[in-house]
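# Summary of structural features
Each chain, letter by letter, is given below.
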Amino acid sequence: MKHRLYYYPANASLAPHILLQEVGCDFELALVDRKQERQKSAEYLRLNPNGRIPVLVSGELVLFESAAICLYIADLYPEARLAPPPRTAARAHFYKWLMFLTNTVQPAYMAFRYPEHYTTEASQHEGVRQAAVAQGTRAFRVLEDALSQGPFLLGADYSACDAYLYMLVWWAQRLAEPPSQLPNVRRCVQHVAARPATRRACEVEGIELRFVD
Ligand SMILES: N[C@@H](CCC(=O)N[C@@H](CS)C(=O)NCC(=O)O)C(=O)O
């Protein structure tokens, strides 16, 4: 089955893109030009009524939410071992980390990056930003501890969670004290950056392959 990933460079499409590269399946990328606000076009809103990137189209299936797309790819290509087998403790931890990344870390970053979405008062933007940074810092401390054995979130085995973490840490380079300064987080994203699939995804998107050293 051929997949089509609607993307914009370095957006929330990056983690699903890395995973499509990992599994080596037949897929194509469709650029959603954010500069032209194409994510709000009637055509795109039919795919994702939220007007957000990414969307994956696989035959009849139209899927939004980056983490859901990652889970779908991991399940569709079990031979790529992007997730532990279902009904195991490792699989439960895999769910936990992916949900933590998408429910806690990603919204904190979004509040830092787009405080105007979290308050109607321009005078409160800085406060929203500071609270978001504090929340992100707490979350990354939890990840840093979890990565103490490492190098990946599930220990020795790479999984879709690590691609997701790579995307978030890539974004977070904008912070004054980015999480890539945390030694275990850095080791993890370095391992992800060293994977040919990550290199290809960054190359194709025309974005920097971060954390190569
Ligand atoms: N929870 C969604 C969030 C997606 C999201 O925020 N996408 C951003 C790009 S990183 C976007 O499309 N922003 C454009 C907009 O909001 O108009 C996901 O993970 O898929």
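As a starting point, this report considers the structure included with it. No experiment lies behind these values; they were computed from the predicted model shown.

## Some details on the packing of helix 4 (residues 89-113) against helix 5 (residues 125-146)
For the pair helix 4 and helix 5, the least separation of the axes is 7 Å and the interaxial angle reads 150 degrees. As far as their axial angle goes, helix 5 and helix 4 are roughly antiparallel. Here the hand of the crossing between helix 4 and helix 5 comes out left-handed. Of helix 5, the residues touching helix 4 (which contributes Trp97, Phe100, Leu101, Thr104, Val105, Ala108, Ala111, Phe112 and Arg113) are Val128, Arg129, Ala132, Val133, Gln135, Gly136, Ala139, Phe140, Val142, Leu143 and Ala146. Within the contact of helix 4 with helix 5, the residues separate by chemical class into 15 nonpolar, three polar and two charged.

## Notes on the layout of surface pockets
Here the largest pocket defines a volume of roughly 910 Å³. Forming the walls of the largest pocket are 32 residues, and the residues nearest its centre are Asn11, Arg34, Met110, Tyr114 and Trp171. Residue assignment for the lining of the largest pocket shows that the elements contributing at least two residues are helix 4 and helix 6 (160-171). The greatest single-element share of the lining of the largest pocket, amounting to seven residues, is contributed by helix 4. Residues belonging to the lining of the largest pocket are distributed by class as follows: 13 nonpolar, eleven polar and eight charged. When residues of the lining of the largest pocket are sorted by domain, at least three fall in each of domain 1 (3-80) and domain 2 (89-195). Put simply, the second largest pocket is a space of about 360 Å³.

## A closer look at the nonpolar core
The biggest cluster of nonpolar side chains holds 64 residues, and the ones touching the most others in it are Leu101, Leu143, Tyr164, Leu165 and Tyr166. Within the residue set of this core, elements represented by two or more residues are strand 1 (3-7), helix 1 (14-23), helix 3 (66-76), helix 4, helix 5, helix 6, helix 7 (183-193) and helix 8 (196-205). When residues in this core are grouped by element, the largest group, eleven residues, is from helix 6. Of the residues that make up this core, three or more belong to each of domain 1 (3-80) and domain 2 (89-195). Apart from residues lying up to four places away in sequence, Tyr166 is in contact with Leu14, Ile18, Val189, Val192, Ala193, Thr198, Cys202, Glu208, Leu209, Arg210 and Phe211. Membership of the second largest hydrophobic core comes to eight residues, among which are Tyr6, Tyr44, Ile53 and Val57.

What counts as what
Residues numbered from 1 in each chain as written. Predicted model: local features only at pLDDT ≥ 70, side-chain atom pairs only at ≥ 80, totals over all residues. Heavy atoms only, no water. Axes fitted to C-alpha atoms, helices over the stretch in contact; angles between N-to-C directions. Helix = DSSP H or I, 4+ residues; strand = E, 2+ residues; numbered from the N terminus. Parallel < 35°, antiparallel > 145°, perpendicular 65-115°, else oblique. Left-handed = near helix turned anticlockwise from the far one by under 90°. Contact = heavy atoms within 4.5 Å. Nonpolar A, V, L, I, M, F, W, Y, C, P; charged D, E, K, R; others polar. 1 Å grid on protein atoms, 1.4 Å probe; cavity = no way out; pocket = protein on both sides within 12 Å on 5 of 7 lines; lining within 4 Å. Points joined across faces, edges and corners; volume = space filled by probe spheres on them. Domains from an automatic or database assignment. Core = buried A, V, L, I, M, F, W, Y, C linked by side-chain atoms within 4.5 Å. Buried < 20%, exposed > 50% of the residue type's maximum accessible area, 1.4 Å probe, protein only.

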